[in-house]
Amino acid sequence: SQQGEEDPQALSIQEGENATMNCSYKTSINNLQWYRQNSGRGLVHLILIRSNEREKHSGRLRVTLDTSKKSSSLLITASRAADTASYFCATDTQAGTALIFGKGTTLSVSS
Amino acid sequence: GAVVSQHPSRVICKSGTSVKIECRSLDFQATTMFWYRQFPKQSLMLMATSNEGSKATYEQGVEKDKFLINHASLTLSTLTVTSAHPEDSSFYICSAREGGAAGELFFGEGSRLTVL
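All figures in this text were calculated on a predicted structure; none of them were measured in a lab. (Residues numbered from 1 in each chain as written. Chains lettered and ligands numbered in written order. Predicted model: local features only at pLDDT ≥ 70, side-chain atom pairs only at ≥ 80, totals over all residues. Heavy atoms only, no water.)

A closer look at the environment of A:Ser86
Residues and elements named next belong to chain A. Note on placement: Ser-86 falls in strand S9 (residues 85-92). Counting along the chain gives 45 residues from Ser-86 to Arg-41, while the straight-line C-alpha distance between them is 10 Å. Dropping the residues within four chain positions of it, Ser-86 is found in contact with Tyr-35, Arg-36, Gln-37, Thr-105 and Thr-106. A polar atom in the side chain of Ser-86 sits 3.5 Å from the side chain of Thr-106. (Helix = DSSP H or I, 4+ residues; strand = E, 2+ residues; numbered from the N terminus. Contact = heavy atoms within 4.5 Å. Polar contact = N/O pair within 3.5 Å; in protein donor to acceptor, adjacent residues only side chain to side chain.)

Structure follows, in structure tokens:
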């Protein structure tokens, strides 16, 4: 089962531009996490935001969470070619259960 | 941070054979591990929850007789794809929680299965 829907499904930008990806989910959550996945590789954990938090920063990443709208956004500022990857949101709904992933956004950053 | 290791990272097998994929938590004990499957250009789909010392819990639509899961110890869960067919070719990823039900989740690097 999938909890989240990301949009856009694909995003192409130039180096230096900002990239914004959105995620919507369906049920109540404990936290929401964002992951990056390079083609054919494993997941890289980017950031976790708890249900009682509204915004979180980590380097060039900014994540927001709106629990009333059941949505989150990931902003990557000053993008680099190395940011080219697929990005997934994943929701943690209940202690001890698995993360449920959204469909993902494929980001392509050209130099 | 905690490490979850998967083996093999890549495996190619003939149709009809069985393949075993191992998921180990290297520096912590995990009573629960999770198995995901990812088809090309798609997201991760949860297949099953592996419980140490008891039967796995499978998601709807996942054949438990085809995808055998064994969680024999607190650091090892195995996924066996039985009688593999080309449509089983996929990227299989495991994850494990450190420190109990509320612990942080760590993911393995994934295992790419190609069935010829």
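Some remarks on the interface of chain A and chain B
Listed by partner, the interface residues are 20 residues for chain A and 18 residues for chain B. If you look at where chain A meets chain B, you find one salt bridge. Here A:Asp92 makes a salt bridge to B:Arg97, at a shortest N to O gap of 3.0 Å. Counting every contact that joins chain A to chain B gives five residue pairs in polar contact (both at pLDDT 80 or more). For the side of chain A that touches chain B, the secondary-structure elements that each account for two or more residues are strand S4 (31-37), S9 and strand S10 (100-101) of chain A. The residue inventory of the side of chain A that touches chain B, partitioned by class, reads eight nonpolar, nine polar and three charged. (Salt bridge = Lys/Arg side-chain N within 4 Å of Asp/Glu carboxyl O. Nonpolar A, V, L, I, M, F, W, Y, C, P; charged D, E, K, R; others polar.)

A look at unusual backbone geometry
Between B:His7 and B:Pro8 the backbone carries a cis peptide bond, its omega angle lying at 0°. When you line up the elements, B:Pro8 lands in the loop between strand S1 (4-7) and strand S2 (10-13). Positioned with a positive phi, A:Lys70 is a non-glycine residue whose angle comes to about 55°. Looking at the secondary structure, you find A:Lys70 in the loop between strand S7 (61-66) and strand S8 (71-76). On the basis of relative accessible area, A:Lys70 is assigned to the partly exposed category, the value being 28%. Phi at B:Ser83 takes a positive value of approximately 45°, unusual for a residue other than glycine. The residue B:Ser83 is located in the loop between strand S8 (76-81) and strand S9 (90-97) in this model. Assessed through its relative accessible area of 34%, B:Ser83 is described here as partly exposed. (Buried < 20%, exposed > 50% of the residue type's maximum accessible area, 1.4 Å probe, protein only.)

Nothing here speaks to function; it is all geometry.
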